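Residue-level structure breakdown
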Amino acid sequence: MMRSMFAAISGLRAHQVMLDVAASDIANVNTIGYKGERTSFKEALSQLQKGANGASATLGGTNSAQVGLGVQLGSIDNQMSSGAIQATGNPFDLAVQGDGWFQVTDDPTGFSRTFYTRAGNFTRDVNGDLVTQEGYYVVGKNPAGANTKITIPPTVDSVSVGQSGTVTTVTGGVSTTVATVSMAKFPNDAGLQRVSGNRFTASQNSGTAMVAAPGVSGVGLIIPGAIEMSNVDLAQEFTNMITAQRGFQANSRVISAADEMLQELVNLKR
């Protein structure tokens, strides 16, 4: 009975995490560029009651007998499928059609710290630099192929971003290529680690970023004047929420049943 209690407690913990993940996804259903998560469980250790025996000349073989000791969290997987594209008409809003990540940084001189995002709701700061809503600089490439900020002078008449990432300004009828938006692609997108503000960082399991222009080496094209919405499937998340709730409820019933059995055992001495 004590084993059943501890197994049920592990079930409570695991289903609480499942509900936490579903709640986070539902909370971010309208977060630009958000990638949902999926919870999976795995069994905990099993206690061996009887080992398996092979067949002999007089007796057949018998299987082992084991008692499970509960459940534990298996994984929380990043779901990296694309979200819906929503047109905005804002020239600084960019969406990615296909694979690839925008690169942003808080080190616009050495570019030693790079983050990755699919949230392309960019804006222009007081210096004309293209930045995220949190102020991180969008990384581009200059004509020489070096990393650079994407600076759009405030005196330009118009600005446009092509599908290949080329940022072009027009001043007095003269077109100027400012920079090209730099994109990154990973061998394992699901291995990226989340940080705040819709940003991800590379990990040992994501692999090394392959940097390229949009439309090159398998990197997707840019859709200007649009943003990528969250990829959260509300129907699936509500199903997960119900599953987590019922799993939590079932495990609590096991604890109640084990408690009643212990009560009966205590009452035997009366």
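Structural data are supplied above this passage.
The following paragraphs examine the structure supplied in this document. Since the model is a prediction, treat every value here as computed from it, not as a measurement.

Here we look at the environment of Asp-99
By the element assignment, Asp-99 lies in the loop between β6 (94-97) and β7 (101-105). On the accessibility criterion, Asp-99 (40% relative accessible area) is partly exposed. In sequence terms Asp-99 and Asn-30 are 69 residues apart; their C-alpha atoms lie 21 Å from each other. Setting aside residues no more than four positions away along its own chain, Asp-99 makes contact with Arg-118, Lys-185, Gly-218, Val-219 and Gly-220.

Details of helix α1 (residues 2-27)
The terminal C-alpha atoms of α1 lie 37 Å apart, and with 26 residues this matches the ideal 38 Å at 1.5 Å per residue to within 8%. Those residues of α1 that fall on the buried side of the exposure criterion are Met-5, Ala-7, Ala-8, Ser-10, Gly-11, Leu-12, Ala-14, His-15, Met-18, Val-21, Ala-22 and Asp-25. Those residues of α1 that are buried lie in contact with β1 (37-43), β4 (71-78) and α2 (234-267).

Focus: the nonpolar core
Counting 22 residues, the largest nonpolar core has Leu-94, Phe-102, Ile-150, Val-167, Val-181, Met-183 and Ile-222 as the members making the most contacts within it. Contributing elements (two or more residues each) for this core: β6, β7, β13 (158-161) and β15 (174-181). Residues contacting Met-183, with those up to four places away along its chain left out, are Val-96, Gly-100, Trp-101, Phe-102, Gln-103, Met-210, Val-211, Ala-212, Pro-214, Val-219 and Ile-222. Formed by six residues, the second largest nonpolar core is a distinct cluster that contains Tyr-116, Phe-186, Leu-192 and Phe-200.

Points about a nonpolar patch on the surface
Judged by side-chain polarity, Phe-41, Leu-73 and Ile-76 come together as a nonpolar surface patch covering roughly 220 Å² of accessible area. Relative to the elements of secondary structure, Phe-41 occurs in strand β1.

Describing the packing of aromatic side chains
Pairs of aromatic rings are described using the distance from one ring centre to the other and the angle between the two planes. A full pass over the atoms with the stated rule returns four aromatic pairs. Consider the rings of Phe-102 and Phe-122, whose centres lie 5.1 Å apart with planes at 85°: the pair is edge-to-face. Here the residue Phe-102 occupies a position in strand β7, and Phe-122 occupies one in the loop between β8 (114-117) and β9 (123-124), the gap between them amounting to 20 residues. Accessibility expressed as a relative area gives 0% for Phe-102, which makes it buried. Ring plane angle 90° and centroid distance 4.8 Å describe the contact between Tyr-116 and Phe-186, whose orientation is recorded as edge-to-face. Placement of Tyr-116 in strand β8 and of Phe-186 in the loop between β16 (183-185) and β17 (193-195) is noted, with a sequence separation of 70 residues between them. Given the relative accessible area of 8%, Tyr-116 is considered buried.

Calculation notes
- Numbering of residues begins from 1 in every chain and follows the order in which that chain's sequence is written.
- Local features are withheld for residues below a pLDDT of 70 in this predicted model, meaning they are given only at 70 or higher, and side-chain atom pairs are given and counted only at 80 or more; totals for whole chains, interfaces and linings count all residues.
- Remark: hydrogens and water are excluded; side-chain values derive from all non-hydrogen atoms of the structure.
- Secondary structure counts use DSSP, requiring at least four H or I residues in a row for a helix and at least two E residues in a row for a strand, with both numbered from the N terminus.
- Type-normalised accessible area, obtained with a 1.4 Å probe on protein chains alone, sets the label of each residue: buried when under 20%, exposed when over 50%, and partly exposed for intermediate values.
- The contact definition used throughout considers only heavy atoms, calling two residues in contact when any of these lie within 4.5 Å.
- By this rule, a helix spans an expected 1.5 Å times one less than how many residues it contains.
- Think of a nonpolar core as a cluster: buried Ala, Val, Leu, Ile, Met, Phe, Trp, Tyr and Cys residues, connected wherever their side-chain atoms sit within 4.5 Å.
- What makes a patch is a set of residues exposed beyond 30% relative accessible area and free of salt bridges, joined within 9 Å when like-charged and within 5 Å when nonpolar (Val, Leu, Ile, Met, Phe, Trp, Tyr).
- In this description, accessible areas are obtained by the Shrake-Rupley approach with a 1.4 Å probe, and a residue is regarded as covered only by the protein chains that are shown.
- In what follows, salt bridge is the name for a side-chain nitrogen of Lys or Arg lying within 4 Å of a carboxyl oxygen of Asp or Glu.
- Paired rings are identified among Phe, Tyr and Trp, the last through its six-membered ring, by centres lying within 6.5 Å, and are further divided according to the angle between planes into stacked (under 30 degrees), edge-to-face (over 60) and tilted (the rest).

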